[in-house]
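Understanding the architecture of this molecule
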Amino acid sequence: MTRATAGEGGVTPRLAGADLVAAVPGLDAEAEILVEDVRQVPGASLTFEDVAAVAERVCAAEASGVDGIVVTQGTDTLEETAFLLDLLHRGPTPVVLTGAMRPPQTPGADGPANLLAAVHTASSPAVRDLGVVVVFADEIHAARHVRKVHSTSTSAFASPGTGPIGHIVEGAVHLRVTPLRAPCVVAPLPPQGQSARVEVLHAALGSDGLLLDGLEDRLDGLVVAAFGAGHVPGNWTDRLEKLAARIPVVLTSRTGSGSVLSATYSFDGSESDLLGRSLISGGSLDPFKARLLLWAHLTAGSDRTAIAAAFADQH
């Protein structure tokens, strides 16, 4: 993102990959960089098809023998792209996502430093077989846990509940932990507009659940972002039970950290009540990543048993 004229107007997608590489002093001394431009759209406008196309390019690059892959994109949806790529990418080659919180003309622009750190990470043998990671502010985060937790800070990316898996210090990768890699979902590239339709519905104080009406005819799957450990208003329960009889409905916590419980509470709308009505526990996945996992399995043609098993691995 950059301005058309310095100091005038807002920033829009204008820079190509080669421009980003050229803005990092000494980057060519760190690795031989091959650049491909896949899309040039804001992160907020990316689609499932776009990410699936990136996954195909990652696969082709890996087959060509590259040592590591860096993907740059807007930060709005970077955490979701990272997780979805992690579900679609099977190979051992490091795949590193990064971006920038400040445009190039802004004092303290963080893009070049993030890109350099991402290249250091992608070229490190220590990162092989870890799946997709996100590198920001010299921290390395597993795709499974990373979230954007601030709208403007250059330290906007964090892994609530787990912390980063490592850091880059003086150009070297230092891993603190080795994360478990998520099982791959072989989801074919869907024709434009024909992928599974999955949405997130948030529970909120006083909500009467009106938005639940008729969803079984419009969606292939639903993720409920529930209160606390997996609770919704009592007047939602009958509607959710009817929905769960028609489409997969996954129960998650809107808190974004911690796991949905299974048997601690027993009131109408509690986690045990909802799971007894055939909702699927999302485990410790946040609602947005649960949506991606559900989408990938529905698009791949997984049945309800396989979907439930996939979410059982997320606790």
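We now turn to the structure provided with this report.

Calculation criteria
- Residues numbered from 1 in each chain as written.
- Predicted model: local features only at pLDDT ≥ 70, side-chain atom pairs only at ≥ 80, totals over all residues.
- Heavy atoms only, no water.
- Helix = DSSP H or I, 4+ residues; strand = E, 2+ residues; numbered from the N terminus.
- Rg over C-alpha atoms; globule rule 2.2 N^0.38 Å.
- Buried < 20%, exposed > 50% of the residue type's maximum accessible area, 1.4 Å probe, protein only.
- Contact = heavy atoms within 4.5 Å.
- Areas by Shrake-Rupley, 256 points an atom, 1.4 Å probe, with all protein chains shown as cover.
- Lys, Arg positive; Asp, Glu negative; His and termini not counted.
- Charge placed at Lys NZ, Arg CZ, Asp CG, Glu CD.
- Pairing = 2+ DSSP bridges.
- Right-handed = clockwise from strand over helix to strand, strands pointing away.
- Patch = residues over 30% accessible without salt bridge, like charges linked within 9 Å, V, L, I, M, F, W, Y side chains within 5 Å.
- Salt bridge = Lys/Arg side-chain N within 4 Å of Asp/Glu carboxyl O.
- Arc of directions from axis to C-beta.
- Core = buried A, V, L, I, M, F, W, Y, C linked by side-chain atoms within 4.5 Å.
- Axes fitted to C-alpha atoms, helices over the stretch in contact; angles between N-to-C directions.
- Phe/Tyr/Trp six-rings, centres within 6.5 Å; stacked < 30°, edge-to-face > 60°.

1. Let's talk about the overall build of the protein chain
When helices and strands are counted, the protein chain shows 9 helices and 12 strands. Taking 20 Å as the expected radius of gyration for a compact globule of 315 residues, we find that the protein chain reaches 20 Å, a close match to that expectation. Across its three principal axes, the protein chain shows a C-alpha extent of roughly 60 × 45 × 40 Å. Here the protein chain, with 315 residues, has 45% of them falling under the buried criterion. Sequence separation of 24 or more characterises 70% of the internal contacts of the protein chain that already satisfy a separation of 6 or more. In the form shown here, the protein chain has an accessible surface area of approximately 14700 Å², with 51% of it arising from carbon and sulfur atoms. In the protein chain, 22 side chains carry a positive charge and 35 a negative one; their mean positions are 4 Å apart.

2. A short note on the pairing of strand β2 (residues 95–98)
Neither face of β2 is open: one carries Val 95 and Leu 97, the other Val 96 and Thr 98, and all of them are buried. Judged from the 4 bridges that link them, strand β1 (residues 69–72) and β2 form a sheet pairing that is parallel. In the sheet register, Val 71 faces β2, and the bridge partner there is Leu 97. Taken together, β1, helix α4 (residues 78–88) and β2 constitute a β-α-β crossover, and its handedness is right-handed. Pairing of β2 with strand β3 (residues 132–136), which is carried by 3 bridges, proceeds in the parallel orientation. If you follow Val 95 over to β3, its bridge partner there is Val 132. Between β2 and its parallel partner β3, the chain crosses via helix α5 (residues 111–122), and the hand of that crossover is left-handed.

3. Let's talk about a nonpolar patch on the surface
Residues Leu 261, Tyr 265 and Phe 267 make up a contiguous nonpolar surface patch of roughly 260 Å² in combined accessible area. Among the structural elements, Leu 261 can be located in the loop between β11 (249–253) and α7 (271–276). Residue classification places Leu 261 among the partly exposed residues on the basis of a relative accessible area of 32%.

4. Here we look at helix α6 (residues 237–244)
Every α-helical turn comprises 3.6 residues, leaving residues that sit three or four positions apart pointing alike. For α6, the full list of buried residues reads Thr 237, Leu 240, Leu 243 and Ala 244. With its buried residues spanning 125° around the axis, α6 presents them on a single face. Buried residues belonging to α6 abut β10 (221–226), β11, α7 and α9 (304–312).

5. Some remarks on the sheet that holds strand β9 (residues 198–202)
Strand order across the open sheet formed by 4 strands is β9-β10-β11-β12, with parallel pairing between neighbours. Pairing within the sheet leaves two strands with one partner each, and these edge strands are β9 and β12 (280–281). Two strands pair when backbone bridges link them, and β10 and β11 are joined in this way by 5 bridges, in the parallel orientation. Across the sheet, Val 224 pairs through a bridge with Leu 251, a residue of β11.

6. A few points about the nonpolar core
Nonpolar side chains tend to gather and get buried jointly when the protein is soluble and globular. Core analysis: the biggest nonpolar cluster contains 42 residues, and Leu 84, Leu 87, Leu 97, Leu 293 and Phe 311 have the highest contact counts within it. Of all the elements in the fold, those that place two or more residues in this core are α3 (48–63), β1, α4, β2, β3, α8 (287–299) and α9. Among residues more than four places away in sequence, those in contact with Leu 84 are Phe 48, Val 51, Leu 292 and Trp 295. Leu 240, Leu 243, Val 249 and Leu 251 belong to the second largest nonpolar core, which has 19 residues in total.

7. Some points on the sheet that holds strand β4 (residues 139–142)
Taken in spatial order, the 6 strands make up an open sheet running β1-β2-β3-β4-β7-β8, and their pairing is mixed. Looking at which strands have only one partner, the edges of the open sheet turn out to be β1 and β8 (172–175). Direction aside, neighbouring strands of the sheet carry axes that sit 30° apart on average. The pairing of strand β7 (residues 166–169) with β8 spans 4 bridges and is antiparallel. Pairing of His 167 across the sheet is with His 174, part of β8. Packed on one face of the sheet, α4 meets β2 and β3 and runs near 155° to β3.

8. What about the packing of aromatic side chains?
If you walk through the whole model with that rule in mind, you get 3 aromatic pairs. With a centroid separation of 6.1 Å and an interplanar angle of 65°, the aromatic rings of Tyr 265 and Phe 267 are classed as edge-to-face.

9. Notes on the environment of Ala 22
Following the sequence through the fold, Ala 22 ends up in helix α1 (residues 17–22). Residue Ala 22 is classed as exposed on the basis of its relative accessible area of 67%. Considering only alpha carbons, one finds Ala 22 and Val 70, 48 residues apart in sequence, at a separation of 15 Å.

10. Focus on unusual backbone geometry
Backbone geometry places Asp 138, a non-glycine residue, at a positive phi of 65°. Considering the arrangement of structural elements, one finds Asp 138 in the loop between β3 and β4. The phi dihedral of Ser 278 falls on the positive side, at around 80°, and the residue is not glycine. Its place among the elements puts Ser 278 in the loop between α7 and β12.

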